[in-house]
Amino acid sequence: MASLTCIPKNVAMALKTRLKSGELTPAKLAEMTSKERHDYFAKFLDEDYASSVNALYEAKTLVADRERGLVTWLKTVTGMKPEARRELIDRVRKMDRILSPAEEEEFLADLAAKRLGVGVTQDEAKTIAALSKDYQDKVADAMNSAKGSDDRIEAGAARVRFDNYVAGLKRDANVRNIRDWKSQPLRSLGGQFSDIGGLAKSLKASMDLSFTFRQGFKSMFAHPVQWADNAANGVKLAIRQLGHKGTSDDVINAVKAEIYGRENALNGAYQKMRLDLGTVEEAYPTSLPEKVPLLGRLYKASETAFNGTAYRLRADVADQMMREAVRAGRDVTDKELLRSIGTYVNSLTGRGDLGRAEGFAKAFNNLFFSPRFFKSNVDFLTAHMFDRTMDPLLKRRAAINLMRMIAGVGSGLAAAKAINPDLVNFDATSADFGKVKVGDTRVDVTAGMASLLNLLARSADIVARGATQGEVRLGNKKSYDRQNPLGALFATFLSNKLAPLPGVVRDIGKGEGFNGDPMNLNSTEGLANTAAGLFAPIPVTNTLELADDPDSIGPILGTMLDGLGFGTNTYK
């Protein structure tokens, strides 16, 4: 659907011309039915713009002050004022006040399509309005109810029903059919590659409980009580999901309903925080693996545990930060404070804010394995010091969290080194920095943050030695291209962060994988390695690597550690 913020100049001019000539007047528009207005606009606007302009007219003129609303509409469609972005529930609340009168039913489809960004039928728009009204009614009942009461759970469940219905409409709208392939072949082909990439990433990230010590690792030091509670709850969610027949969403829906029934959800605080609740997590961009027999149930269990733990931990930490803000005498209705809390909580649980690159988030997620998680680690290691909008209260808390993590991880590594000096390497330029080395197996105990520190240390070492002064050596080994060691360093770092699909394409180009295994499409072994690189879950491939190396930490222990989120790599 066309966006009103980017109407071509000739279209805006067509509206202005008709307004100035007197052909189009507020009085004439008011006398028309919704269908007549739509048909009138369609005479000189594209169908999409006709729907959008008509919907905006209806939205702006059916408010109490019709004249002021009409002026706002005129300014918007002529490009004099950009259309404000609104959160989904806010948009639907405004839409519901317009859709309710019986005489306005004709423009349901136009208005709902504009508000939700997806074309819908009149029946679907009516359902959206009904679900929205049901949610608002239940919120009113729940506001005066006790925490965890049936009224609050039911209000949360109503929100889940609404979200699921709208998500289903959007999902169906994105399904490519034969007509799409004929009219937009390149876009459809790109979408197909995106689907394959999402499938590969989802499968690679499944079959474990990795959120606990990977995305949730930072919160272990920052909010240990909430972390411990949700770590245990993640196991329960996986077991509960396995106990359900098929791949039902009942378990995750129950988690969402409980969260949406909390006070900070009902009063809109989570929404103002932009807390990532109910969103698609980077590790599970598609639900396609659920359709695979047997594997689908295991996949669903790991997905439910991951998502449920993430959502609940975010809500728990956000609630705690709201209580701390109250104790500090802060105004917890302040938008900037709430936004800072949301940024703090999201980053602490693996959902870093990509800033101006948010519009490219899906593309980045297809290219790199976990860009938001990577950004969350950057946020944590810098304590949000470069975020000018972050509230000082949250910056202080972030700095304390960083100190706790350094003390905790440092103490653990120091203890391991005291037991066996060969287990730990404190040389920040070494690939083993931040890891415990047992035989040929390296166990990352920093949730990936050591790789960032390693990158900085190597960069500093290259600069200190002189990037143009011959070959640069790090850790007694040849490091990178002598002509451009810094460029090679960063290229290698980014290459190691690639998502499964582009990573396999890279390996096919080189003819071999990380461990030297052949990667090509003209041999049985190469095809098998390519398929495994795309679709074999990481715990499975790591188990095989551990079993093949007699000097590894062992397949059982190694698989357990990796399944909990401690990254393991085994090589000579």
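Residues numbered from 1 in each chain as written. Predicted model: local features only at pLDDT ≥ 70, side-chain atom pairs only at ≥ 80, totals over all residues. Heavy atoms only, no water.

### Describing the pattern of salt bridges
Throughout the structure, instances matching the rule amount to 23 salt bridges. The salt bridge involving Arg262 is made with Asp316; its shortest N-O contact spans 2.8 Å. Of this pair, Arg262 sits in the loop between α14 (250-260) and α15 (263-266) while Asp316 sits in helix α17 (residues 295-327), placing them 54 residues apart in sequence. Across the pair Lys300 and Glu290 runs a salt bridge, and its minimum N-O distance is 3.1 Å. Taken together, the positions of Lys300 in helix α17 and Glu290 in the loop between α16 (269-273) and α17 put the pair ten residues apart, joining distant regions of the chain. (Salt bridge = Lys/Arg side-chain N within 4 Å of Asp/Glu carboxyl O. Helix = DSSP H or I, 4+ residues; strand = E, 2+ residues; numbered from the N terminus.)

### What to know about the packing of helix α26 (residues 538-548) against helix α27 (residues 555-563)
The interhelical angle for the contact between α26 and α27, taken along N-to-C directions, is 155°, at an axis separation of 9 Å. Looking at the two axes, α26 sits roughly antiparallel to α27. Relative to α27, α26 is oriented so that their crossing is right-handed. Contacts from Ile538, Pro539, Asn542, Thr543, Leu546 and Ala547 in α26 reach Pro555, Gly558, Thr559 and Asp562 in α27. The residue makeup of the contact of α26 with α27, split by class, is five nonpolar, four polar and one charged. (Axes fitted to C-alpha atoms, helices over the stretch in contact; angles between N-to-C directions. Parallel < 35°, antiparallel > 145°, perpendicular 65-115°, else oblique. Left-handed = near helix turned anticlockwise from the far one by under 90°. Contact = heavy atoms within 4.5 Å. Nonpolar A, V, L, I, M, F, W, Y, C, P; charged D, E, K, R; others polar.)

### Details of the confidence of the model for the chain
Interpretation of the predicted coordinates at a detailed level should be avoided for regions scoring low in pLDDT. Model confidence for the chain is summarised by a mean pLDDT of 80, while 79% of its residues fall at 70 or above. The low-confidence segment residues 62-109, where pLDDT is below 50, has 90 contacts with residues more than four positions distant or belonging to other chains. (pLDDT = per-residue confidence, 0-100.)

### Digging into the packing of α14 against α17
Where α14 meets α17, the axes come as close as 10 Å, and the angle between the chain directions of the two elements is 5°. Of the possible angle classes, the one that applies to α14 and α17 is roughly parallel. Packed against α14, whose contacting residues are Val251, Ile252, Val255, Lys256 and Ile259, the element α17 presents Thr304, Asn307, Gly308, Tyr311, Arg312 and Ala315 at the interface. Residue composition of the contact of α14 with α17, grouped by class: six nonpolar, three polar and two charged.

### A look at the packing of aromatic side chains
Under the definition given, this model contains six aromatic pairs. Relative to Phe566, the ring of Phe213 has its centre 4.5 Å away and its plane inclined at 25°; by these criteria the two rings are stacked. Taken together, the positions of Phe213 in the loop between α11 (185-204) and α12 (217-222) and Phe566 in the loop between α27 and β5 (568-570) put the pair 353 residues apart, joining distant regions of the chain. Residue Phe213 shares its accessibility class with Phe566, and that shared class is buried. (Phe/Tyr/Trp six-rings, centres within 6.5 Å; stacked < 30°, edge-to-face > 60°. Buried < 20%, exposed > 50% of the residue type's maximum accessible area, 1.4 Å probe, protein only.)

### What about the environment of Asn377?
With respect to the element layout, Asn377 can be found in helix α20 (residues 371-382). By relative accessible area, which is 4% here, Asn377 ends up buried. A sequence separation of 29 residues divides Asn377 from Leu348, and the C-alpha atoms of the two residues are 8.2 Å apart. Each residue touching Asn377, except ones within four places of it in the same chain, is listed here: Lys218, Ala447, Gly448, Met449 and Leu452.

### A word on helix α18 (residues 335-348)
Along its 14 residues, α18 runs 20 Å from first to last C-alpha, staying within 8% of the 20 Å computed at 1.5 Å per residue. Counting buried positions along α18 gives eleven out of 14 residues, so the element sits mostly inside the fold. Among the residues making up α18, those that are buried are Leu337, Leu338, Ser340, Ile341, Gly342, Thr343, Tyr344, Val345, Asn346, Ser347 and Leu348. Where the residues of α18 are buried, they touch α12, α16, α17, α20 and α21 (392-419). For α18, the capping residue at the N-terminal end is Asp334, with a side-chain oxygen 3.3 Å from the backbone nitrogen of Glu336. Backbone geometry just downstream of α18 places Gly350 in the positive-phi region, at approximately 85°. (Expected span 1.5 Å × (residues − 1). Polar contact = N/O pair within 3.5 Å; in protein donor to acceptor, adjacent residues only side chain to side chain.)

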